[in-house]
Amino acid sequence: MLNIVIFGPPGSGKGTQSKNIIKKYNLIHLSTGDILRNAIAKKTPLGILAKRYMDKGELVPDKDVIQMVINNLDENNDQNGFIFDGFPRTQNQAEFLKNLLKERNTKINVMVTLEVNHDELVKRLINRSKETDRSDDKKVSIIENRINIYNKQTAPIIEFYKKENKYQPVDGTGTVDEIVERICKIINKYK
Ligand code: AP5
């Protein structure tokens, strides 16, 4: 199996790049943000809970997100591998994922971190807000809150993957194709 964590701040291109990478390596795209938005659209109990956090740009509690990931992995048994997009986002989630994959005799091969500067992130998300109805793109204050939460609660898990020799930073600016090429060069070394 090939399991990749695609990491980076809001707007760094995790979703965009994941869509390209799954095609090249025949992986499942496990985006916790997409699963939660789907739950919100369907007004499930998880969606109703998650909306309270996501509308403010805050993290959904670990226990709810972790259970959701377990369910998703169970539904996608016997696959070539996964690209984890938006997960893990806390130290707890990173440790949980390591243990869960170990129980299944597999592991994360590499964590690809997209690096994009703050002003470009805000610009991309404001642009997207004109085309989609994501509630967390609507106000600059919420976008800034998401970036702050990334810096405070999520970026520290880079250390977790550094210790495992799996951390790989990538310049996340340029054309989408240029970035895909940079990412594939890294994945090919770890697969
Ligand atoms: P999530 O859906 O994961 O959102 P995010 O991390 O805020 O990231 P985005 O989807 O905004 O950006 P992205 O990096 O995927 O970039 P994209 O490719 O879309 O999470 C949303 C919320 O769900 C969280 O805030 C939290 O509340 C909750 N949540 C999710 N997972 C959780 C977890 N594990 N634990 C707890 N809570 C969780 O690109 C952005 C824009 O830029 C697009 O318009 C795109 O077209 C454009 N773009 C992409 N690449 C380029 C490029 N190279 N040049 C120019 N523009 C580009």
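Our subject is the structure listed above.
**A word on the packing of aromatic side chains**
Per the stated rule, a full pass over the model turns up four aromatic pairs. Plain terms: the ring middles of Phe-7 and Tyr-150 are 5.7 Å apart, the flat faces sit at 50° to each other, and that makes the pair tilted. With Phe-7 in strand S1 (residues 2–7) and Tyr-150 in helix H7 (residues 140–154), this pair connects stretches of sequence that are 143 residues apart. Each member of the pair Phe-7 and Tyr-150 is classed as buried.

**Brief notes about unusual backbone geometry**
Across the junction of Phe-87 and Pro-88, the peptide omega takes the value 0°, indicating a cis bond. Inspection of the secondary structure puts Pro-88 in the loop between strand S3 (81–85) and helix H5 (91–103). Even without being glycine, Asn-26 reaches a positive phi, approximately 55°. Within the fold, Asn-26 resides in the loop between helix H1 (14–25) and strand S2 (28–31). On the basis of relative accessibility, which here comes to 54%, the residue Asn-26 falls in the exposed class. Even without glycine at this site, Asn-105 takes up a positive phi of about 60°. Summarising the element assignment, Asn-105 is placed in the loop between H5 and strand S4 (110–115). On the accessibility criterion, Asn-105 (76% relative accessible area) is exposed.

**Details of the sheet that holds S2**
By way of backbone hydrogen bonds, the strands of a sheet pair with one another, either parallel or antiparallel. Across the sheet, which stays open at both edges, the five strands sit in the order S2-S3-S1-S4-S5 with parallel pairing between neighbours. Only two strands of the sheet have a single neighbouring strand rather than two, namely S2 and strand S5 (167–171). The average angle at which neighbouring strand axes cross in this sheet is 25°, direction not considered. The pairing of S1 with S3 spans five bridges and is classified as parallel. Looking at S3, one finds that Asn-3 is bridged to Phe-82. Sitting on the sheet, helix H2 (residues 32–42) touches S2 and S3, and the angle it makes with S2 is about 65°.

**Focus: the pairing of S4**
Of all six residues that make up S4, five are buried, and the element is covered over most of its length. As paired elements, S1 and S4 share four bridges and run parallel to each other. By the bridge assignment for S4, Ile-6 is matched with Val-112. Pairing of S4 with S5 involves five bridges; the strand directions are parallel. Bridge pairing links Val-112 to Gln-168 in S5.

**Comments concerning the environment of Glu-159**
With respect to the secondary-structure elements, Glu-159 resides in helix H8 (residues 158–163). Since its relative accessible area comes to 43%, Glu-159 is described here as partly exposed. The spatial distance from the C-alpha of Glu-159 to the C-alpha of Asn-71 is 27 Å, given a sequence separation of 88 residues.

**Some points on H2**
Turning to H2, its buried residues are Thr-32, Gly-33, Leu-36 and Ala-39. The arc that holds the buried residues of H2, viewed along the axis, is 125°, so those residues lie on one side. Projecting away from the buried face of H2 at angles above 90 degrees are the exposed residues Ala-41 and Lys-42.

**Some thoughts on the pattern of salt bridges**
In this structure the tally under the stated criterion is 16 salt bridges. Among the salt bridges present, the one from Lys-56 reaches Glu-58, with a minimum N-O distance of 4.0 Å. Connected through shared salt-bridge partners, Arg-128, Arg-134, Asp-136, Asp-137 and Arg-146 make up one network.

Thresholds, definitions, all that
Residues numbered from 1 in each chain as written. Predicted model: local features only at pLDDT ≥ 70, side-chain atom pairs only at ≥ 80, totals over all residues. Heavy atoms only, no water. Phe/Tyr/Trp six-rings, centres within 6.5 Å; stacked < 30°, edge-to-face > 60°. Helix = DSSP H or I, 4+ residues; strand = E, 2+ residues; numbered from the N terminus. Buried < 20%, exposed > 50% of the residue type's maximum accessible area, 1.4 Å probe, protein only. Pairing = 2+ DSSP bridges. Axes fitted to C-alpha atoms, helices over the stretch in contact; angles between N-to-C directions. Contact = heavy atoms within 4.5 Å. Arc of directions from axis to C-beta. Salt bridge = Lys/Arg side-chain N within 4 Å of Asp/Glu carboxyl O.

Function cannot be read off these values alone, since they describe shape.
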